[in-house]
Amino acid sequence: MSPVRLVARREVTERSRERSFMISTGITLLIIVAVVVVPGLLGVGDPSTYTVRVTDDASRAVAERAVALADSFDAQVEIVADPDADVTLSGGEIRAEEEPDDELVNLLQVANQEFDPNARPPLRLVTAESADPERDAMAGVAFFAILVLYGQLLTYGFWVASGVVEEKSSRVIEVLLATIKPKDLLAGKILGLGLLGFGQLVMLSVFGLAVAGATGTVDIDGDLLVACALALGWFVLGYAFYAAAFAVAGALVPRQEELQSSTSPLTMVILVSFFVGFVVINDPDGTVAQVTAFIPTTAPITMPPRIILGEAAAWEIAASIGVMLAATALLIPLAARIYSAVVLRTGSTVKLSEALRLASKQ
Amino acid sequence: MFGFVGPNGAGKTTTMRIVLGVLSADRGAVRWHGKPVESAMRRRFGYMPEERGLYPKMRVRPQLTYMAALHGVKDPEGAADRWIERLGLSERAGDRVEELSLGNQQRVQLAAALVHEPELLVLDEPFSGLDPVGVDVLSGVLSEYAATGVPVVFSSHQLELVERLCEAVAIIKDGRLVASGTVEHLRGDSGAVRVKVEGDPVFDVPGAQVLDRGPRGTVFEGADPDAVLDAARAAGRVTYFALERPTLTELFREAVK
């Protein structure tokens, strides 16, 4: 077996056996169950109650018919005078501030049709906000995607760094480098932890989809599967980029205690990307979204929501991936050189400028 | 067995790291059996760095298996089990290294260096921090291993131990070799003789200089030992008579002055 594979295998087996890994995976699974199942339980328990306001007699007749029909829709409808009602029926229109529930709209349409199917046109839906029923659902998926990417990049990047420091502080690095090359050790470590992170994401996605499908909370359609695949793909891109940087951050310090400070610039960058991700979800075609798609530090978190929301053109996706790959291809050899140059400096923290100087001398 | 000694900062660890390829040398070359050392050869060396050199959270058996596999051993599990048994670690094979006593950690470390049956064993300060029993166990294993014909090189500040265990030593200072050879050769034949006569009478030996005169006897240099003995017997009852040879500690002090 090649040294890289040996190192990678050790990373996977040792990390996955750690209690902290099992606990954090278990907690994540529980959170998924909670997010997916709980809203469903709350919604299914009682028939939904809707409020309808009417402005004219024709509308009142439709509304009253809807009240009578509501039972067979497992819902309740009340006619109210309150202007805050879910919808207002007026002159053949369903008016609402926001997109009303499909169930209510269906119910009203059926009630309307019962009067005179041929003479009456279907009710028109008029909402104050632009109507795109998929928009909210997809924004939720996009939010979930950036949350998972943020957590996964941060966790696995930090594990790379702390793995490097563990080898430094225990001096096991000396024994390892007596048998294998530093770049093989680094490659194996990044590869092993990357596989573990990818595998965990796949498992969480499959589990989440299975639970969602079984409980019927979310429709498992092509869009959702594409979103999951995207999150996985961008995890690979983002991880390859950040892991190399985190390895350098780890190689600079002698002990775990100093790791927080040397990785903090990287964790800050990931955190900022996370917040930019929110901006992008709200405005997926804005300047921020367009610019950050081509910055390798932010793209892994800001690009997936744009793609999920359908606001990224194919050329943009291709270019963004291209920038990401190019940046990673430049960063990895540089990181490997810095790592090789400083990883044996077990005495004290090495400044980045000093590390660069040492790396250039090699 | 070969002892590698020198004051702190002389370059012992650096030299060992260069031999193992952990560091690259500014100048010079490392040769093994007359050939420049390259990485395939190095995988057949065994190395134990000063302090630890193991994954603290990894369990003993997987750790040794991993080390064996990295060195290209065909049956890493078998090799790990063999050395676990040989160093009396069977009951600890499933423990994490950090949970072991220092003595047992040292054994695991030694097993990690030996698990691939190296052709050359290099150990950096293997005896530091060990109690006398631990020193005995370790020196026993090392002597046994060296007896199979494998060169064992180790650095130490415990010069009495080096003197007792090693056939040959090298003394370095500021990165330079100041003395090397068998201990016998280094101690040499100073030609001096220490003799003690009951009652400590003052006497001289014709043609010899007195290097030292005190309660532990008189040291003469430059005369035949027989002549010194004759003169001493003439002076009284001889209670001590020996060739005066420097200890490794004295050689060390002299060499690094």
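Residues numbered from 1 in each chain as written. Chains lettered and ligands numbered in written order. Predicted model: local features only at pLDDT ≥ 70, side-chain atom pairs only at ≥ 80, totals over all residues. Heavy atoms only, no water.

Visitor: Go over the overall build of chain B, please, and point to the residues and values.
Guide: The helix and strand tally for chain B stands at ten helices and twelve strands. A compact globule built from 257 residues would reach a C-alpha radius of gyration of about 18 Å, whereas chain B, at 23 Å, exceeds it by more than 25%. Principal-axis analysis of the C-alpha atoms places the extent of chain B at approximately 70 × 45 × 30 Å. Residue burial in chain B is summarised as follows: out of 257 residues, 46% are buried. Total accessible area computed for chain B in this model is approximately 13000 Å², and 50% of it derives from carbon and sulfur atoms. Positive and negative side-chain charges in chain B, numbering 31 and 36 respectively, have mean positions lying 5 Å apart. (Helix = DSSP H or I, 4+ residues; strand = E, 2+ residues; numbered from the N terminus. Rg over C-alpha atoms; globule rule 2.2 N^0.38 Å. Buried < 20%, exposed > 50% of the residue type's maximum accessible area, 1.4 Å probe, protein only. Areas by Shrake-Rupley, 256 points an atom, 1.4 Å probe, with all protein chains shown as cover. Lys, Arg positive; Asp, Glu negative; His and termini not counted. Charge placed at Lys NZ, Arg CZ, Asp CG, Glu CD.)

Visitor: Outline the pairing of strand S6 (residues 152–155) of chain B, supporting the account with residue identities and numerical values.
Guide: Residue and element names in this part refer to chain B. What you see with S6 is no split at all: Val 152 and Phe 154 on one side and Val 153 and Ser 155 on the other are buried throughout. In the sheet, strand S1 (residues 2–5) pairs with S6 via three bridges, with the strands oriented parallel. Bridge pairing in S6 places Phe 4 opposite Ser 155. Pairing of strand S5 (residues 120–123) with S6 involves three bridges; the strand directions are parallel. Paired with Leu 121 across the two strands is Val 152, which belongs to S6. With respect to chirality, the unit in which S5 leads through helix H6 (residues 132–147) into the neighbouring parallel S6 is right-handed. (Pairing = 2+ DSSP bridges. Right-handed = clockwise from strand over helix to strand, strands pointing away.)

Visitor: Account for the sheet that holds strand S9 (residues 192–197) of chain B, with residues named and values stated.
Guide: Residues and elements named next belong to chain B. Pairing in this open sheet of four strands is antiparallel, and the strands run S10-S11-S9-S12 from one edge to the other. Two strands in the sheet have a free side with no partner beyond their single neighbour: strand S10 (209–214) and strand S12 (238–244). In this sheet, neighbouring strand axes are inclined to one another by 15° on average, regardless of whether the strands run parallel or antiparallel. Looking at chain direction, S9 and S12 are connected through six bridges and run antiparallel. Bridging from a neighbouring strand, Val 197 pairs with Val 238 of S12. Its contacts with the sheet put helix H9 (residues 225–235) on S9, strand S11 (217–221) and S12, and the angle it makes with S12 is roughly 160°. (Axes fitted to C-alpha atoms, helices over the stretch in contact; angles between N-to-C directions. Contact = heavy atoms within 4.5 Å.)

Visitor: Hey, could you go over the packing of aromatic side chains for me, with residue numbers and the actual values?
Guide: All names here are of chain B. In total, this model carries 16 aromatic pairs over all chains according to the counting rule given. Aromatic side chains Phe 203 and Phe 220 sit 5.4 Å apart centroid to centroid with 45° between the ring planes, which places their arrangement in the tilted category. Of this pair, Phe 203 sits in the loop between S9 and S10 while Phe 220 sits in strand S11, placing them 17 residues apart in sequence. Pair check on accessibility: Phe 203 and Phe 220 agree, each one buried. (Phe/Tyr/Trp six-rings, centres within 6.5 Å; stacked < 30°, edge-to-face > 60°.)

Visitor: Quick one: what's the story with the nonpolar core, residue by residue and with numbers?
Guide: As a rule of thumb, soluble globular proteins bury nonpolar side chains together. With 151 residues, the main nonpolar core has Trp 234, Tyr 239 and Val 342 of chain A together with Leu 110 and Leu 142 of chain B as its most contacted residues. In terms of residue count, helix H8 (residues 222–252) of chain A provides more of this core than any other element does, 20 residues in total. Apart from the residues within four sequence positions on either side, Val 342 of chain A is in contact with Lys 168, Ala 251, Leu 252, Val 350, Ala 355 and Leu 358 of chain A. Ala 63, Val 77, Leu 89 and Leu 104 of chain A belong to the second largest nonpolar core, which has 20 residues in total. (Core = buried A, V, L, I, M, F, W, Y, C linked by side-chain atoms within 4.5 Å.)

Visitor: Describe the interface of chain B and chain A, listing the residues and the values that go with them.
Guide: Contacts between chain B and chain A engage 24 residues on the former and 19 residues on the latter. Summing both sides of the interface, chain B and chain A together bury roughly 2100 Å²; the carbon and sulfur share of this comes to 61%. Counting the contacts that link chain B with chain A gives one salt bridge. The partner of Glu 174 of chain A in a salt bridge is Arg 17 of chain B, and the shortest N-O contact between them spans 2.6 Å. Joining chain B to chain A, the criterion identifies five residue pairs in polar contact (both at pLDDT 80 or more). With five residues, helix H3 (residues 60–70) of chain B is the single largest residue contributor to the side of chain B that touches chain A. For the side of chain B that touches chain A, a count of residues per class yields 14 nonpolar, three polar and seven charged. (Buried area = accessible area lost by both parts, 1.4 Å probe. Salt bridge = Lys/Arg side-chain N within 4 Å of Asp/Glu carboxyl O. Polar contact = N/O pair within 3.5 Å; in protein donor to acceptor, adjacent residues only side chain to side chain. Nonpolar A, V, L, I, M, F, W, Y, C, P; charged D, E, K, R; others polar.)

Visitor: Describe in detail the packing of H3 of chain B against helix H5 (residues 102–114) of chain B, supporting the description with residues and values.
Guide: Residue and element names in this part refer to chain B. It is at 8 Å that the axes of H3 and H5 come closest, and there the two elements cross at 25°. Put simply, H3 runs roughly parallel to H5. Along this stretch, H3 crosses H5, giving a crossing that reads as right-handed. In this structure, H3 contributes Val 60, Leu 64 and Met 67 to the contact, and H5 contributes Val 108, Ala 111 and Ala 112. Here the contact of H3 with H5 is built from residues that sort into six nonpolar, no polar and no charged. (Parallel < 35°, antiparallel > 145°, perpendicular 65-115°, else oblique. Left-handed = near helix turned anticlockwise from the far one by under 90°.)

Visitor: Please give an account of the environment of Arg 171 of chain A that cites residues and values.
Guide: Within the secondary structure, Arg 171 of chain A sits in the loop between helix H5 (133–169) and helix H6 (172–177). Separated by 173 residues in the primary sequence, Arg 171 of chain A and Leu 344 of chain A have C-alpha atoms spaced 8.5 Å apart. Here Arg 171 of chain A is in contact with Thr 346 of chain A together with Pro 49, Glu 50, Glu 51, Arg 52 and Gly 53 of chain B, once residues within four sequence places are set aside.

Visitor: Describe the side chain of Asn 104 of chain B, listing the residues and the values that go with them.
Guide: Mapping Asn 104 of chain B onto the fold places it in helix H5. Sequence-distant contacts of Asn 104 of chain B, defined by excluding residues within four places in its chain, comprise Leu 89 and Arg 92 of chain B.

Visitor: Which residues make up the confidence of the model for chain B, and what values go with them?
Guide: Reading predicted coordinates in detail is not appropriate for stretches of low pLDDT. Looking at chain B, pLDDT values average 87 and 99% of them are 70 or higher. Scored by ipTM, the complex comes to 0.76, with pTM at 0.76. (pLDDT = per-residue confidence, 0-100.)

Visitor: Hey, could you go over helix H1 (residues 3–17) of chain A for me, with residue numbers and the actual values?
Guide: With 15 residues, H1 of chain A ought to run about 21 Å at 1.5 Å a step, and its terminal C-alpha atoms sit 21 Å apart, in line with that. Residues Leu 6, Val 7, Ala 8, Arg 10, Glu 11, Glu 14 and Arg 15 of chain A constitute the buried set of H1 of chain A. (Expected span 1.5 Å × (residues − 1).)

Visitor: So what's going on with unusual backbone geometry? Which residues, and what values?
Guide: Negative phi is the rule for most residues except glycine; trans is the rule for most peptide bonds. At Arg 171 of chain A, a position not held by glycine, the phi torsion is positive, near 60°. The backbone of Glu 117 of chain B sits at a positive phi, close to 50°, despite the residue not being glycine. Secondary-structure assignment places Glu 117 of chain B in the loop between H5 and S5.

Visitor: With reference to specific residues and values, describe the packing of H8 of chain A against helix H11 (residues 299–308) of chain A.
Guide: All names here are of chain A. The contact between H8 and H11 brings their axes to 9 Å, and the two run at 160°. By the criterion of interaxial angle, the relationship of H8 to H11 is roughly antiparallel. For the pair H8 and H11, the sense of crossing is right-handed. Here H8 contributes Ala 227, Leu 230, Trp 234 and Gly 238 to the contact with H11, which in turn contributes Ala 299, Pro 300, Met 303, Pro 304, Ile 307 and Ile 308. Partitioning the contact of H8 with H11 into residue classes produces nine nonpolar, one polar and no charged.

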